[in-house]
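# Coordinates in review
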Amino acid sequence: MSAKNLQLLLQTAYDSENPQVFEEGPITVYQKFEEAYKTFVKTNKATDELNFRFERVRLGVAIALVKAYTRLADNETSIEALQVLQEAIKAKSSKEIDKIVQKKIAVFDNLYHEIFVNEEREQILGLFEAALDAGSKEELDELMLEGLELLTAIDFEHHAQKEDDDEPLDEDFLKSIQ
């Protein structure tokens, strides 16, 4: 079920049936994480493999949330943050993921300066932050459900139309106020 939730979260965030986030697809990524998790439950030993698989799922959730934020905010900072996460998802180890993200950590701090007064963006960033802080499978599974609930409630079309409907300022008006 959670593998499907990851796929649905990414599809909703990207507004696409097949978002190109993972080469092998989100269901496979989550299934590999579950396999590593089952091994952990049996042996009670955390492995680098488990950590890496967990980080990939967490990155997938984070990418979905930042993509949704980008669809609402469409600014340079959110696009740059998404690019950093997309670069990190290609890493081959947890250490490599950390190195990529740490190198550009300021980009994520700057996301919070772009919120202004937009409740939906605040909620998305709240879930994004929770995804970065998540430390367990259960937390990630819950975040995927919360993310799906939030993203399906947002009217992305309305936001896109609102931006398209912005009329250019009347040049005569601009001259009159100068």
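Numbering of residues starts from 1 in each chain and follows the order in which that chain's sequence is written. Restriction of local features to residues with pLDDT of at least 70 applies here, the model being predicted, together with a cutoff of 80 or more for giving and counting side-chain atom pairs; totals for whole chains, interfaces and linings are based on all residues. In computing side-chain properties, one takes all heavy atoms of the structure into account and sets aside hydrogens as well as water.

## Re the side chain of Ser 78
Stated formally: By the criteria applied, helices consist of DSSP H or I runs no shorter than four residues and strands consist of E runs no shorter than two, each listed in order from the N terminus. Whenever two N or O atoms come within 3.5 Å, that pair is a polar contact, provided that in protein one can donate a hydrogen and the other can accept it, and provided that, for residues adjacent in sequence, both atoms are side-chain atoms. Contact between two residues is taken to exist if any of their heavy atoms lie within 4.5 Å; hydrogens are not considered.
Considering the arrangement of structural elements, one finds Ser 78 in helix H4 (residues 76–88). Side-chain polar atoms of Ser 78 contact the side chain of Thr 70, separated by 3.5 Å. Beyond its immediate sequence surroundings of up to four residues, Ser 78 is in contact with Val 66, Tyr 69, Thr 70 and Leu 111.

## Quick word on helix H3 (residues 48–73)
Put simply, the test is: A helix's residues, less one, multiplied by 1.5 Å, set its expected span. Three exposure classes are used, based on accessible area relative to the maximum for each residue type with a 1.4 Å probe and protein chains only: buried under 20%, partly exposed in between, and exposed over 50%.
When the terminal C-alpha atoms of H3 are compared, their 36 Å separation across 26 residues agrees well with the 38 Å that a helix rising 1.5 Å per residue should span. For H3, the buried fraction is high: 21 of the 26 residues fall into the buried class. Following H3 by one or two positions, Asp 74 has its phi on the positive side, about 40°.

## A word on the pattern of salt bridges
Formally: Definition used for salt bridges: Asp or Glu carboxyl oxygen within 4 Å of a side-chain nitrogen of Lys or Arg.
On inspection of all chains with the given rule, the structure shows 5 salt bridges. Note that Glu 34 is salt-bridged to Lys 137, the shortest N-O span being 3.9 Å. Placement of the pair is Glu 34 in helix H2 (residues 26–43) and Lys 137 in helix H8 (residues 137–153), with a sequence separation of 103 residues. Here Lys 137 falls in the buried class, since its relative accessible area comes to 14%. One salt bridge in this structure joins Glu 49 and Arg 53, with 2.7 Å as the shortest N-O distance. With Glu 49 and Arg 53 both in helix H3 and 4 residues apart, this pair spans about one turn of that helix. Residue class for Glu 49 comes out partly exposed when judged on its relative accessible area of 41%. In the salt-bridge network here, residues are joined through shared partners; they are Glu 34, Lys 137 and Asp 141.

## Some details on the environment of Ile 124
Mapped onto the secondary structure, Ile 124 falls in helix H7 (residues 119–133). The buried category is assigned to Ile 124, whose relative accessible area is 0%. Excluding residues within four positions of it along the chain, Ile 124 makes contact with Leu 65, Ala 68, Tyr 69, Leu 72, Leu 150, Leu 151 and Ile 154.

## A word on helix H5 (residues 94–103)
Just so we agree on the cut-off: Each direction from the helix axis to a C-beta atom contributes to the arc, which is the arc of those directions.
Buried residues of H5: Ser 94, Ile 97, Ile 100 and Val 101, and no others. Along the axis of H5, the buried positions cluster into a sector of 125°, meaning they face one direction only. Away from its buried face by more than 90 degrees, H5 exposes Lys 95, Lys 99, Gln 102 and Lys 103. Tucked into the core, H5 has its buried residues touching H3, H4 and helix H6 (105–111).

## Section: unusual backbone geometry
The phi angle at Asp 15 is positive, at roughly 55°, despite the residue not being glycine. Inspection of the secondary structure puts Asp 15 in the loop between helix H1 (2–14) and H2. Positive phi values are uncommon outside glycine, yet Asn 44 reaches one of about 60°. In this fold, Asn 44 is placed in the loop between H2 and H3.

## Regarding the confidence of the model for the chain
Rules: What pLDDT reports is the predictor's confidence in each residue, on a scale of 0 through 100.
Mean pLDDT for the chain: 87, with 86% of residues reaching 70 or above. Contacts from residues 164–169, a stretch scored under 50 in pLDDT, to residues over four places away or in other chains number 1 contact.

## Here we look at the packing of aromatic side chains
Quick reminder of the rule: A pair of Phe, Tyr and Trp rings is counted when the ring centres sit within 6.5 Å of each other, with Trp represented by its six-membered ring. The angle between the planes then sorts it: under 30 degrees is stacked, over 60 is edge-to-face, the rest tilted. For a lysine, the NZ atom is tested; for an arginine, the CZ atom; a charge sits over a ring if that atom is within 6 Å of the ring centre and within 35 degrees of the ring normal.
Going through the model one piece at a time under the given rule, you end up with 5 aromatic pairs. With 5.6 Å between their ring centres and 80° between their planes, Tyr 30 and Phe 33 make a pair best called edge-to-face. Of this pair, Tyr 30 and Phe 33 both sit in helix H2, 3 residues apart, which is roughly one turn of the helix. Residue classification places Tyr 30 among the buried residues on the basis of a relative accessible area of 0%. Phe 33 sits in the buried class, given a relative accessible area of 1%. Considering the side-chain rings of Phe 33 and Phe 54, the 5.9 Å spacing of their centres and the 55° angle between planes classify their relative orientation as tilted. Of this pair, Phe 33 sits in helix H2 while Phe 54 sits in helix H3, and the two are 21 residues apart along the sequence. Linked through ring pairs, Tyr 30, Phe 33, Tyr 37, Phe 40 and Phe 54 together constitute an aromatic cluster. Between the NZ or CZ atom of Arg 71 and the centre of the ring of Phe 156, over which it lies, the distance is 3.8 Å.

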